Every structure is written in C-alpha cells, then in structure tokens.
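# A look at the structure
Listed below, chain by chain, are the residues.
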Amino acid sequence: LLTLYLPSCNSKEGELTLGLKNMVYVLNAYLNATKGTDILNATVDVKRALRESQVVNGMVTVFLPGGTAGVVILENDAAIQKEYRELIASFVSDPKAPRPARRSGSGHNEGHLRAAFLSRSVAIPVKDGKLLLGPWQEVLVFDFDDKVGRREVCIHVMGEGAEKEKK
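Keep in mind that this is a model prediction, so the values were computed, not measured. (Residues numbered from 1 in each chain as written. Predicted model: local features only at pLDDT ≥ 70, side-chain atom pairs only at ≥ 80, totals over all residues. Heavy atoms only, no water.)

### A few points about the nonpolar core
- Core analysis: the biggest nonpolar cluster contains 27 residues, and Val 60, Val 141 and Ile 155 have the highest contact counts within it.
- Elements that contribute at least two residues to this core include exactly β2 (22-33), α1 (43-53), β4 (55-63), β5 (69-75), β6 (121-127), β8 (137-143) and β9 (149-161).
- By residue number, the principal contributor to this core is β2, which donates six residues.
- When residues no more than four places from it in sequence are discounted, the contact partners of Ile 155 are Tyr 25, Val 26, Leu 27, Ala 29, Asp 45, Val 46, Ala 49, Val 60 and Thr 61. (Core = buried A, V, L, I, M, F, W, Y, C linked by side-chain atoms within 4.5 Å. Buried < 20%, exposed > 50% of the residue type's maximum accessible area, 1.4 Å probe, protein only. Helix = DSSP H or I, 4+ residues; strand = E, 2+ residues; numbered from the N terminus. Contact = heavy atoms within 4.5 Å.)

Right under this line is the structure:
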C-alpha cells in the first residue's frame, strides 16, 4: 500500500514529495493583472512546474484560488481570444456604479459572475514529460477583476518520475 501526501495550494513553493517513483509537486505562480478584463498566459509557468517536478507520465492541474478569474485551454490566437472575451462580456453587462466598499475587498459582482462562466481549474495529461496540448493551445487565465494586482495560479503536478538507474 502506497500513501502519498498531496500538498495543498498553500504548500511550500517547489515542494516535492517522493514515494517510490510517484511524485507530487506544487508551484504557486503569480501573474500581473491590470484593471478590466485581462487574458494572461500561464503556459510558461505550467511548463516550468512540469520540468521542475521531473514527472514523466501523469497529470497537471492548474487551479485559480481567486473568485474573479477562470482558466481555459485555448488557441493562442488574438482573434479567438478577443471573440471569447466578447462572448463572456455579453453574458454580464459592464458595471454602472462605482466599486463597492466591501469587507472582503472584492469588487463588482460582474467580475465574479463572468468568472463563473469559466472553470477555476483545468487538468492536462502528461506523457513522456510533455503536456498533451495541441500545437497552438495555451493555458490562459481570463481575469475579470476591476483592480490591478497579482493573481495566484496554483500548479499541481502528479505522476510517475523517470526510473532511476540501479548501480
């Protein structure tokens, strides 16, 4: 029986847990967002986490702990991204009132509602040390918050590492 400790998003950055050849790795990355709707590319951070994890076959999960963003796998094409952004915006109108003063510090409802149309996480299979994405696909974060800031992206890699040579 093999039991693995699965670190949460709050685990120490770069933490690597080994058990036989099964591995778990967590990387907390941060993306800078501006005011309004941003499309932030997290692919470089996801590939970095996979490389640092040394996982050869397994799964990468990208999770956003915030409430005003969503993550998608989408073609890295400006026209497609613009159309997707407009589609999401068409579901929820722009705010008309000033930013509300809330104890939570959260902004307009619109950012939360738009994010609800997207997923908070995506899972990407890994085979032979590579993400199983299409040639043009990227991991994109759509951020709908109405304030400038850092957005946390929790990247969790789990799977089998390379067999170590026995001496």
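From this point, the narrative continues.
### Topic: the side chain of Asp 143
- Relative to the helices and strands, Asp 143 is located in strand β8.
- On the accessibility criterion, Asp 143 (0% relative accessible area) is buried.
- In this structure the side chain of Asp 143 is engaged in a polar contact, spanning 3.4 Å, whose partner is the backbone nitrogen of Asp 145.
- Discounting chain neighbours no more than four positions away, the residues touching Asp 143 are Ala 33, Gly 36, Thr 37, Asp 38, Leu 40, Thr 68, Ala 69 and Arg 151. (Polar contact = N/O pair within 3.5 Å; in protein donor to acceptor, adjacent residues only side chain to side chain.)

### Some remarks on the pairing of β2
- In terms of burial, β2 is a largely internal element, nine of the twelve residues being buried.
- Pairing of β2 with β9 involves twelve bridges; the strand directions are antiparallel. Bridge pairing in β9 places Val 24 opposite Met 158. (Pairing = 2+ DSSP bridges.)

### Describing a nonpolar patch on the surface
- Nonpolar side chains collect at one region of the surface, where Leu 87, Phe 91 and Phe 117 lie side by side and expose about 300 Å² of accessible area between them.
- With respect to the helices and strands, the residue Leu 87 is situated in helix α2 (residues 78-91).
- The exposure class of Leu 87 is partly exposed, given its relative accessible area of 41%. (Patch = residues over 30% accessible without salt bridge, like charges linked within 9 Å, V, L, I, M, F, W, Y side chains within 5 Å. Areas by Shrake-Rupley, 256 points an atom, 1.4 Å probe, with all protein chains shown as cover. Salt bridge = Lys/Arg side-chain N within 4 Å of Asp/Glu carboxyl O.)

### Considerations on the sheet that holds β5
- Strand order in the open sheet formed by three strands is β3-β8-β5, with antiparallel pairing between adjacent strands. Where the open sheet ends on each side, the last strands, each with one partner, are β3 (38-41) and β5. Direction aside, the axes of adjacent strands within the sheet are offset by 35° on average.
- Pairing analysis gives seven bridges linking β5 to β8, with the strands arranged antiparallel. Residue Ala 69 lies in a different strand from β8, and its bridge partner there is Asp 143.
- Seen against the sheet, α2 touches β3, β5 and β8 and runs at an angle of roughly 145° to β5. (Axes fitted to C-alpha atoms, helices over the stretch in contact; angles between N-to-C directions.)

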